[in-house]
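# Structural description and commentary
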Amino acid sequence: MIDLFTSGMVGHCLSGLTTTTLAFTRLSLQVLEIFVHTDCEMKENQKLVQVTPIEGKEPDEVEERETWDNQCEFFLSCLGYAVGFGNVWRFPYLAYKNGGAVFFIPYVIMLLVAGLPLFFLELVLGQYTSLGPNKIFLHLSPIFMGLGWGMLMVSLLIAIYYNVLLAWALYYTFSSFTKTLPWGNCTNAFNSENCFTSEEAKKCSEKSEFYFNHSCVDAYTYCGFSDMTNVNLTHCVNRTDATNVVWANKSLPLISASEDFFKNRMLQRRDGISWDNMGTLNWELVGCLALAWVIVGLCMIKGVKSSGKVVYFTAIFPYVVLVILLIRGALLEGAYTGIEFYILTPNISKLREVDVWGDAAVQIFYSLGSSCGGLITLSSYNKYKNNCMRDAIVIALGNCTTSVFAGFVIFSFLGFMAKSQGTTVPELVTSGSGLAFVVYAEAVTKMPLPPLWAFLFFFMLITLGLDSQFTMVETLSTAVFDQWPSLRSKKAIVVTIMCFILFLCGLTMVLQGGFYMFELFNYYSAGLSVIILSIIEVSLIAYVYGFRRFMAHVTEDMGIWVPKPLYGYWAITWCFLTPVSLVVILVLTSMKFEAPAVGGYEFPKNIQTLGWFITAASLVLIPILGIYIVFTKEYKGKELVVATEDFCSAHERAQRKKELTQPAAFKSTISHSYNNDAFMEDVVEVPPVDSPNNQYLHI
């Protein structure tokens, strides 16, 4: 079945590639002035009058909501949104940590139980209503209007810090345009005295000495740097406590050249930088952040009409680079050792550990990007009859496959790096930005043509992050246009202002101590809050709106054929397994929660409190806006909970609006035709010229 899905998708992609230059034709009707002339032998009580259209526009005249030019643009946008940095630098680490290939078992189970059902649910919501999150939940259950706004808040918070990652990737990409990579040695002016490389350390070790501050020193001198004295050529002892004996090479906190570049050159995080002293702006990173927002703004200037063309490159290019890197990595000495640690040494006993299942659930949940409003927004630009169930299945499986594939790439290079340094893979494995900007950055310095491989990898990170950032910005701009439709004609201005504001919000993260602010947002923005939003969302569909009623929209209204086994699968997941699994994920995440820290520096209590305010920013909107809905008295009693008549397709809403406006216009025409007072005016109002009620009138 998946093969059929994929072949159909490829056909759409090939079709889309031939039409990427077509412009979007906008519907605009001009208001015409109609002059009615009477016959030269008109009666005495007849007079010539000017007839003008009624103020305002018919629904058909209002600028229509955009749609994707073809299905492939939507597919690639969703895939690019789901596949992000976490697929490259978090999943491989989790697989290694949790038993290798055994980790795939809980990972796939959590995909089927929580990830895929939520993914499909949000695609249906957006495609059926053609609305953004801020409008969908107002019509689905008015008192839960804040749920959609909470999703928008999550996207806003993520968009602020996510582009900082793109700024880092841009910085490394620019730094790759050199003959010798600056993070490959310790001879640069920015290097600290604790910087070392394995090659330089090995040369000193051959002379029974230690590398420190660009030179080789004996054991006595080396131990003295940490206020200790040497016992022999390999050990140091505390001067006041003879029982405190340590290995000499562990007595000083040395850092690799790549970590030194990341910390002291790019971030400029000098000694003394803390939450109490954030330092000054890092102007090089300010420039990279500005460039990142310029790129995003230019690609989003026309909404999905422009971003839909860009994703042909940004969504496909990472796969091309991953294939190239895998081929190159597999040919490196030690690559098999790395892959063996990654997947070829399964530990079955890990399945009995709760943490393994928790890691699988959290990874699949955050990887697919549910409950941030992005999936709803992307599908809201779909054609009404698009088979979004097929798309959900293929994209979810594609996302997971990408994670596994990226693991082979990363661990082949880690195996090579361990071999070249004479260490082991477990000593090199890490998670998060450190894996990409420290460990992998160091690995490419040991390959032939290091600048080439560095450029390919970090440029791939840029394209990998752009797709996700496109969706988050599109989610925010769509909410603005849905809330104030008149702004659709000023899309370029709105997107430009939005990108500029988000750029200003991110400046705190490019201070010398900005890495702390980045980690704070990364830690608190989309953690527990997103899980809670998901629980409310799936419960609203399953228990308030009703599963059968919702599936009727899928099968009858949108015409998507759902086989009975799949129908049963959606029923049991949405109504039971998904809510229960999300509650379990929430509990496990809460139990494993630890205070954020960078290195050995734990964030102060007041900063942690600020982090909880960031988490609450999205959740608090639900009760606040719920109270607002109650006090406006627009909805009363049962109306506060049940779906409104506007929870329907876009064409139904347009038709209803048209039916409501036409009778009023017709009555206005009749009243002027038969009211003698009309003869006292030179101008009367009638419907627009294209209205079926319009006619040439003799008054």
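Below or above, wherever it landed, is the structure these notes cover. (Residues numbered from 1 in each chain as written. Predicted model: local features only at pLDDT ≥ 70, side-chain atom pairs only at ≥ 80, totals over all residues. Heavy atoms only, no water.)

Attention now goes to the pattern of salt bridges. Counted under the stated rule, the structure contains 14 salt bridges. The partner of Glu209 in a salt bridge is Lys207, with the nearest N and O atoms 4.0 Å apart. Residue classification places Glu209 among the partly exposed residues on the basis of a relative accessible area of 25%. The exposure class assigned to Lys207 is exposed, which follows from its relative accessible area of 53%. (Salt bridge = Lys/Arg side-chain N within 4 Å of Asp/Glu carboxyl O. Buried < 20%, exposed > 50% of the residue type's maximum accessible area, 1.4 Å probe, protein only.)

As a further point, take the state of the cysteines. Throughout the structure, instances matching the rule amount to three disulfides. Shown here is the disulfide that connects Cys186 with Cys195, its sulfur atoms set 2.0 Å apart. Here the disulfide of Cys186 and Cys195 is left-handed, its torsion about the S-S bond being about -75°. With its sulfur 1.8 Å from that of its partner, Cys223 forms a disulfide with Cys236. Its S-S torsion of approximately -75° makes the covalent link between Cys223 and Cys236 left-handed. Highlighted residues: Cys223 in helix α9 (residues 219-224) and Cys236 in strand β7 (residues 235-238), separated in sequence by 13 residues. Both residues of the pair, Cys223 and Cys236, belong to the buried class. Lacking any disulfide linkage, Cys499 is separated from the closest cysteine sulfur, that of Cys299, by 9.9 Å. (Disulfide = S-S within 2.5 Å. Helix = DSSP H or I, 4+ residues; strand = E, 2+ residues; numbered from the N terminus.)

Now for helix α12 (residues 304-314). Of all the 11 residues making up α12, nine are buried; the element is thus mostly covered by neighbouring parts of the structure. Looking only at α12, the buried set comprises Val304, Lys305, Ser306, Ser307, Gly308, Lys309, Val311, Tyr312 and Thr314.

Across three bridges, strand β6 (residues 228-230) lies against β7 in antiparallel orientation. Along β7, the bridge assignment pairs Asn230 with Cys236. What sits between β6 and β7 in their antiparallel hairpin is a turn of four residues. Pairing between β7 and strand β8 (residues 245-247): three bridges, direction antiparallel. Bridging from a neighbouring strand, Val237 pairs with Val245 of β8. Joining the antiparallel neighbours β7 and β8 is a turn of six residues. (Pairing = 2+ DSSP bridges.)

Okay, the packing of helix α5 (residues 104-129) against helix α15 (residues 354-368) next. Contact geometry of α5 with α15 gives a least axis separation of 9 Å together with a crossing angle of 35°. The interaxial crossing formed by α5 with α15 has right-handed handedness. The residues of α15 that touch α5, namely those facing Pro106, Tyr107, Ile109, Met110, Leu111, Gly115, Leu116, Leu118 and Phe119, are Val356, Trp357, Ala360, Ala361, Gln363, Ile364, Phe365 and Leu368. Partitioning the contact of α5 with α15 into residue classes produces 15 nonpolar, two polar and no charged. (Axes fitted to C-alpha atoms, helices over the stretch in contact; angles between N-to-C directions. Left-handed = near helix turned anticlockwise from the far one by under 90°. Contact = heavy atoms within 4.5 Å. Nonpolar A, V, L, I, M, F, W, Y, C, P; charged D, E, K, R; others polar.)

Our next topic: helix α2 (residues 71-82). With 12 residues, α2 should reach 16 Å at 1.5 Å per residue; the first-to-last C-alpha distance of 17 Å fits that figure. Those residues of α2 that fall on the buried side of the exposure criterion are Gln71, Cys72, Glu73, Phe74, Phe75, Leu76, Ser77, Cys78, Leu79, Gly80, Tyr81 and Ala82. Its side-chain oxygen placed 3.0 Å from the backbone nitrogen of Cys72, Asn70 serves as the N-cap of α2. (Expected span 1.5 Å × (residues − 1). Polar contact = N/O pair within 3.5 Å; in protein donor to acceptor, adjacent residues only side chain to side chain.)

Right, let's get into the nonpolar core. Proteins that are soluble and globular tend to have nonpolar side chains buried together. By size, the foremost hydrophobic cluster in this structure holds 189 residues, and its most contacted members are Trp168, Leu461 and Trp570. Here this core takes 18 residues from helix α7 (residues 145-175), the largest share from any one element. One finds Val217, Ala219, Tyr222 and Leu252 within the second-largest nonpolar core, a separate group that totals 10 residues. (Core = buried A, V, L, I, M, F, W, Y, C linked by side-chain atoms within 4.5 Å.)

This next bit is on the sheet that holds β8. Pairing between the strands of a sheet comes from backbone hydrogen bonds, and it takes one of two forms, parallel or antiparallel. Strands sit in the order β6-β7-β8 across an open sheet of three strands; the sheet is antiparallel. Looking at strand neighbours, the two that pair on one side only are β6 and β8, the edges of this open sheet. Recorded for the sheet is a direction-independent mean angle of 35° between the axes of neighbouring strands.

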